[in-house]
Amino acid sequence: SSAASDVYKRQAMDKEFQAHQNRGTWKLVPASSIAKHRKVVGSTWAYDVKRTETGEISRYKARFCAQGFSQIEGYDYVNTYSNTIRYSTLRALLATCAELGLELTSADITTAYLYGILKEKIYMRQPRGYELTGPNNEPMFCELIDSIYGLKQSGAEWETRLRDELLKMGFIPCEVDPCLYRLTQEHHLLLLAVYVDDLIFATSDTKSVSYTHLTLP
(Lines give C-alpha, C1' and ligand atoms only; values in the text may rest on other atoms or scores of the structure.)
Protein backbone atom coordinates (compact mmCIF):
# COMPACT_ATOMS: atom_id res chain seq x y z
CA SER A 1 0.00 0.00 0.00
CA SER A 2 1.01 3.63 -0.39
CA ALA A 3 1.01 4.17 3.38
CA ALA A 4 3.30 1.18 3.93
CA SER A 5 5.59 2.37 1.15
CA ASP A 6 5.88 5.80 2.81
CA VAL A 7 6.81 4.15 6.12
CA TYR A 8 9.55 2.08 4.48
CA LYS A 9 10.82 5.14 2.60
CA ARG A 10 11.07 7.10 5.81
CA GLN A 11 12.95 4.25 7.49
CA ALA A 12 15.40 4.17 4.58
CA MET A 13 15.81 7.95 4.78
CA ASP A 14 16.44 7.73 8.53
CA LYS A 15 19.14 5.12 7.93
CA GLU A 16 20.83 7.21 5.22
CA PHE A 17 20.66 10.40 7.28
CA GLN A 18 22.11 8.68 10.34
CA ALA A 19 24.95 7.24 8.25
CA HIS A 20 25.89 10.76 7.15
CA GLN A 21 25.66 12.00 10.73
CA ASN A 22 27.98 9.21 11.87
CA ARG A 23 30.46 9.98 9.08
CA GLY A 24 30.36 13.72 9.63
CA THR A 25 29.76 14.37 5.91
CA TRP A 26 28.81 17.98 6.63
CA LYS A 27 28.51 20.59 9.33
CA LEU A 28 25.67 23.09 9.61
CA VAL A 29 26.45 26.77 9.18
CA PRO A 30 24.11 29.78 9.39
CA ALA A 31 23.03 31.48 6.19
CA SER A 32 24.57 34.74 7.38
CA SER A 33 28.07 33.18 7.33
CA ILE A 34 27.91 32.39 3.60
CA ALA A 35 29.24 35.06 1.23
CA LYS A 36 26.48 36.66 -0.81
CA HIS A 37 28.14 35.75 -4.13
CA ARG A 38 28.14 32.04 -3.25
CA LYS A 39 25.25 29.96 -4.52
CA VAL A 40 23.95 27.17 -2.30
CA VAL A 41 23.82 23.82 -4.12
CA GLY A 42 20.46 22.07 -4.11
CA SER A 43 19.84 18.61 -2.68
CA THR A 44 17.36 15.80 -3.25
CA TRP A 45 16.44 12.27 -2.23
CA ALA A 46 16.70 9.33 -4.62
CA TYR A 47 14.85 6.10 -3.91
CA ASP A 48 15.28 2.53 -5.05
CA VAL A 49 13.55 -0.75 -4.29
CA LYS A 50 15.67 -3.89 -3.96
CA ARG A 51 13.89 -7.10 -4.92
CA THR A 52 14.62 -10.79 -4.47
CA GLU A 53 15.01 -13.24 -7.37
CA THR A 54 11.27 -13.99 -7.09
CA GLY A 55 10.35 -10.32 -7.41
CA GLU A 56 9.46 -9.73 -3.77
CA ILE A 57 10.57 -6.49 -2.14
CA SER A 58 13.59 -7.15 0.07
CA ARG A 59 14.31 -3.58 1.17
CA TYR A 60 13.91 0.07 0.33
CA LYS A 61 16.95 2.24 -0.26
CA ALA A 62 17.22 6.02 0.00
CA ARG A 63 20.23 8.08 -1.04
CA PHE A 64 20.75 11.74 -0.21
CA CYS A 65 22.30 13.49 -3.22
CA ALA A 66 23.54 16.88 -4.27
CA GLN A 67 21.93 18.47 -7.31
CA GLY A 68 25.13 18.81 -9.29
CA PHE A 69 23.44 20.78 -12.06
CA SER A 70 23.22 23.74 -9.65
CA GLN A 71 27.00 23.83 -9.07
CA ILE A 72 28.98 26.75 -10.47
CA GLU A 73 32.28 26.01 -12.19
CA GLY A 74 35.23 27.71 -10.56
CA TYR A 75 33.46 28.00 -7.21
CA ASP A 76 31.98 24.55 -6.55
CA TYR A 77 34.20 22.43 -8.79
CA VAL A 78 37.19 22.51 -11.11
CA ASN A 79 38.16 18.98 -12.15
CA THR A 80 35.43 16.47 -13.00
CA TYR A 81 37.41 13.98 -15.11
CA SER A 82 37.90 10.42 -13.88
CA ASN A 83 39.44 7.45 -15.70
CA THR A 84 37.60 4.28 -16.65
CA ILE A 85 39.41 1.04 -17.38
CA ARG A 86 39.63 0.11 -21.05
CA TYR A 87 37.96 -3.05 -22.34
CA SER A 88 41.22 -3.97 -24.04
CA THR A 89 42.88 -3.88 -20.60
CA LEU A 90 40.24 -6.20 -19.17
CA ARG A 91 40.75 -8.64 -22.03
CA ALA A 92 44.52 -8.56 -21.46
CA LEU A 93 43.95 -9.14 -17.74
CA LEU A 94 41.79 -12.20 -18.40
CA ALA A 95 44.35 -13.56 -20.84
CA THR A 96 47.10 -13.08 -18.23
CA CYS A 97 45.00 -14.92 -15.64
CA ALA A 98 44.57 -17.86 -17.99
CA GLU A 99 48.27 -17.96 -18.87
CA LEU A 100 49.59 -17.66 -15.30
CA GLY A 101 46.78 -19.53 -13.55
CA LEU A 102 45.76 -16.55 -11.42
CA GLU A 103 42.56 -16.58 -9.39
CA LEU A 104 39.91 -13.96 -10.16
CA THR A 105 37.78 -12.32 -7.48
CA SER A 106 35.82 -9.09 -7.30
CA ALA A 107 34.66 -6.59 -4.69
CA ASP A 108 32.38 -3.58 -4.52
CA ILE A 109 33.22 -0.50 -2.44
CA THR A 110 29.96 0.49 -0.77
CA THR A 111 29.15 4.24 -0.96
CA ALA A 112 32.53 4.80 -2.62
CA TYR A 113 31.91 8.43 -3.55
CA LEU A 114 31.53 9.39 0.11
CA TYR A 115 35.23 8.66 0.64
CA GLY A 116 36.36 11.41 -1.71
CA ILE A 117 38.00 14.43 -0.06
CA LEU A 118 36.71 17.76 -1.33
CA LYS A 119 39.12 20.52 -2.28
CA GLU A 120 36.40 23.14 -2.75
CA LYS A 121 34.15 24.67 -0.10
CA ILE A 122 30.59 23.70 -1.01
CA TYR A 123 27.37 24.79 0.68
CA MET A 124 24.27 22.66 0.18
CA ARG A 125 20.67 22.62 1.29
CA GLN A 126 19.84 20.34 4.20
CA PRO A 127 18.09 17.01 3.59
CA ARG A 128 14.36 17.52 3.12
CA GLY A 129 12.57 16.28 6.21
CA TYR A 130 15.54 16.82 8.52
CA GLU A 131 15.97 20.60 8.40
CA LEU A 132 17.21 22.42 11.48
CA THR A 133 17.24 26.17 12.10
CA GLY A 134 19.66 28.32 14.06
CA PRO A 135 19.04 30.98 16.69
CA ASN A 136 16.02 33.17 15.89
CA ASN A 137 15.02 30.60 13.26
CA GLU A 138 17.90 31.59 10.99
CA PRO A 139 18.19 29.18 8.03
CA MET A 140 21.09 26.72 8.20
CA PHE A 141 22.95 25.07 5.34
CA CYS A 142 25.31 22.12 5.02
CA GLU A 143 28.99 22.92 4.53
CA LEU A 144 30.30 19.71 2.99
CA ILE A 145 33.36 18.12 4.55
CA ASP A 146 33.41 14.96 2.46
CA SER A 147 32.21 14.29 -1.06
CA ILE A 148 28.66 13.17 -1.69
CA TYR A 149 26.76 11.54 -4.55
CA GLY A 150 25.54 13.95 -7.18
CA LEU A 151 28.46 16.39 -7.10
CA LYS A 152 30.16 16.91 -10.44
CA GLN A 153 33.58 16.10 -8.97
CA SER A 154 32.56 13.06 -6.91
CA GLY A 155 33.98 10.52 -9.36
CA ALA A 156 37.26 12.38 -9.73
CA GLU A 157 37.71 12.78 -5.97
CA TRP A 158 36.98 9.09 -5.37
CA GLU A 159 39.53 8.07 -7.99
CA THR A 160 42.14 10.33 -6.36
CA ARG A 161 41.44 8.92 -2.89
CA LEU A 162 41.58 5.32 -4.12
CA ARG A 163 44.81 5.90 -6.07
CA ASP A 164 46.47 7.53 -3.06
CA GLU A 165 45.51 4.61 -0.81
CA LEU A 166 46.77 2.03 -3.32
CA LEU A 167 50.09 3.84 -3.76
CA LYS A 168 50.55 3.84 0.02
CA MET A 169 50.10 0.06 -0.03
CA GLY A 170 52.82 -0.34 -2.66
CA PHE A 171 50.71 -0.79 -5.79
CA ILE A 172 52.23 0.42 -9.06
CA PRO A 173 49.86 1.86 -11.71
CA CYS A 174 50.12 0.69 -15.29
CA GLU A 175 51.71 3.25 -17.61
CA VAL A 176 49.23 2.46 -20.39
CA ASP A 177 46.04 2.27 -18.32
CA PRO A 178 45.95 4.10 -14.93
CA CYS A 179 43.03 1.91 -13.80
CA LEU A 180 45.22 -1.21 -13.64
CA TYR A 181 47.60 -1.71 -10.70
CA ARG A 182 50.27 -4.30 -9.86
CA LEU A 183 51.62 -5.42 -6.50
CA THR A 184 54.38 -7.97 -6.00
CA GLN A 185 55.01 -9.38 -2.53
CA GLU A 186 57.15 -12.41 -1.62
CA HIS A 187 57.05 -13.75 -5.18
CA HIS A 188 53.23 -13.41 -5.28
CA LEU A 189 51.56 -11.27 -7.95
CA LEU A 190 48.39 -9.23 -7.42
CA LEU A 191 46.76 -7.36 -10.31
CA LEU A 192 43.94 -4.96 -9.55
CA ALA A 193 41.55 -3.49 -12.12
CA VAL A 194 39.35 -0.58 -11.08
CA TYR A 195 36.00 0.21 -12.70
CA VAL A 196 34.60 3.16 -10.70
CA ASP A 197 33.67 1.43 -7.40
CA ASP A 198 34.08 -2.15 -8.62
CA LEU A 199 37.42 -3.87 -8.07
CA ILE A 200 38.66 -6.96 -9.93
CA PHE A 201 41.54 -8.89 -8.37
CA ALA A 202 43.77 -11.38 -10.17
CA THR A 203 46.23 -13.06 -7.86
CA SER A 204 48.36 -16.05 -7.02
CA ASP A 205 47.78 -15.43 -3.30
CA THR A 206 44.21 -14.87 -2.04
CA LYS A 207 45.50 -13.58 1.32
CA SER A 208 46.78 -10.43 -0.37
CA VAL A 209 43.27 -9.76 -1.71
CA SER A 210 41.78 -9.96 1.79
CA TYR A 211 44.44 -7.62 3.12
CA THR A 212 43.90 -5.11 0.32
CA HIS A 213 40.12 -5.11 0.74
CA LEU A 214 40.36 -4.61 4.50
CA THR A 215 42.88 -1.78 4.18
CA LEU A 216 40.96 0.25 1.61
CA PRO A 217 38.35 2.85 2.73
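Residues numbered from 1 in each chain as written. Predicted model: local features only at pLDDT ≥ 70, side-chain atom pairs only at ≥ 80, totals over all residues. Heavy atoms only, no water.

A word on the pattern of salt bridges. Considering all chains together, one arrives at seven salt bridges under this definition. Where Glu 165 meets Lys 168, a salt bridge forms, and the shortest distance between an N and an O atom there is 3.8 Å. One end of the pair, Glu 165, and the other, Lys 168, are both in helix 3 (residues 154-168), three residues apart, so they sit about a helical turn from each other. (Salt bridge = Lys/Arg side-chain N within 4 Å of Asp/Glu carboxyl O. Helix = DSSP H or I, 4+ residues; strand = E, 2+ residues; numbered from the N terminus.)

This brings us to the packing of aromatic side chains. For the structure shown, the criterion picks out eight aromatic pairs. With centroids separated by 4.4 Å and ring planes inclined at 15°, the aromatic side chains of Phe 17 and Tyr 130 adopt a geometry described as stacked. Placement of Phe 17 in helix 1 (residues 2-23) and of Tyr 130 in the loop between strand 5 (123-124) and strand 6 (140-144) is noted, with a sequence separation of 113 residues between them. You can call Phe 17 buried: its relative accessible area is 16%. Assessed through its relative accessible area of 12%, Tyr 130 is described here as buried. (Phe/Tyr/Trp six-rings, centres within 6.5 Å; stacked < 30°, edge-to-face > 60°. Buried < 20%, exposed > 50% of the residue type's maximum accessible area, 1.4 Å probe, protein only.)

As a further point, take the nonpolar core. In this structure, Trp 26, Met 124, Leu 144, Ile 148 and Leu 151 are the most contacted members of the largest nonpolar core, which totals 20 residues. Contributions of two or more residues to this core are made by helix 1, strand 3 (57-66) and strand 6. Ranked by the residues each element gives to this core, the list is headed by strand 3, at four residues. Discounting chain neighbours no more than four positions away, the residues touching Leu 144 are Thr 25, Trp 26, Leu 118, Ile 122, Met 124 and Leu 151. In this structure, Leu 162, Tyr 181, Leu 190 and Leu 192 belong to the second largest nonpolar core, which totals 17 residues. (Core = buried A, V, L, I, M, F, W, Y, C linked by side-chain atoms within 4.5 Å. Contact = heavy atoms within 4.5 Å.)

A few words on the layout of surface pockets. Regions of empty space are outlined by a rolling probe, equal in size to a water molecule, passed over the atoms. Empty space within the largest pocket amounts to approximately 410 Å³. In this structure, the largest pocket is lined by 18 residues; those nearest its centre are Lys 15, Glu 16, Lys 61, Thr 110 and Thr 111. For the lining of the largest pocket, the element with the most residues is helix 1, which contributes six residues. In terms of residue class, the lining of the largest pocket is made up of seven nonpolar, three polar and eight charged. Volume-wise, the second largest pocket comes out at about 160 Å³. Taken together, 14 residues line the second largest pocket, and the ones lying closest to its centre are Asn 83, Trp 158, Glu 159, Val 194 and Val 196. The element contributing the most residues to the lining of the second largest pocket is helix 3, with five residues. (1 Å grid on protein atoms, 1.4 Å probe; cavity = no way out; pocket = protein on both sides within 12 Å on 5 of 7 lines; lining within 4 Å. Points joined across faces, edges and corners; volume = space filled by probe spheres on them. Nonpolar A, V, L, I, M, F, W, Y, C, P; charged D, E, K, R; others polar.)

This paragraph deals with helix 3. Its 15 residues give helix 3 an end-to-end C-alpha distance of 21 Å, which sits within 8% of 21 Å, the value for a rise of 1.5 Å per residue. Within helix 3, burial applies to Ser 154, Gly 155, Ala 156, Glu 157, Trp 158, Glu 159, Leu 162, Glu 165 and Leu 166. The secondary structure elements touched by the buried residues of helix 3 are strand 8 (180-185), strand 9 (188-195) and strand 10 (198-203). Note on helix 3: the residue one or two positions beyond its end, Gly 170, has a positive phi of about 100°. (Expected span 1.5 Å × (residues − 1).)

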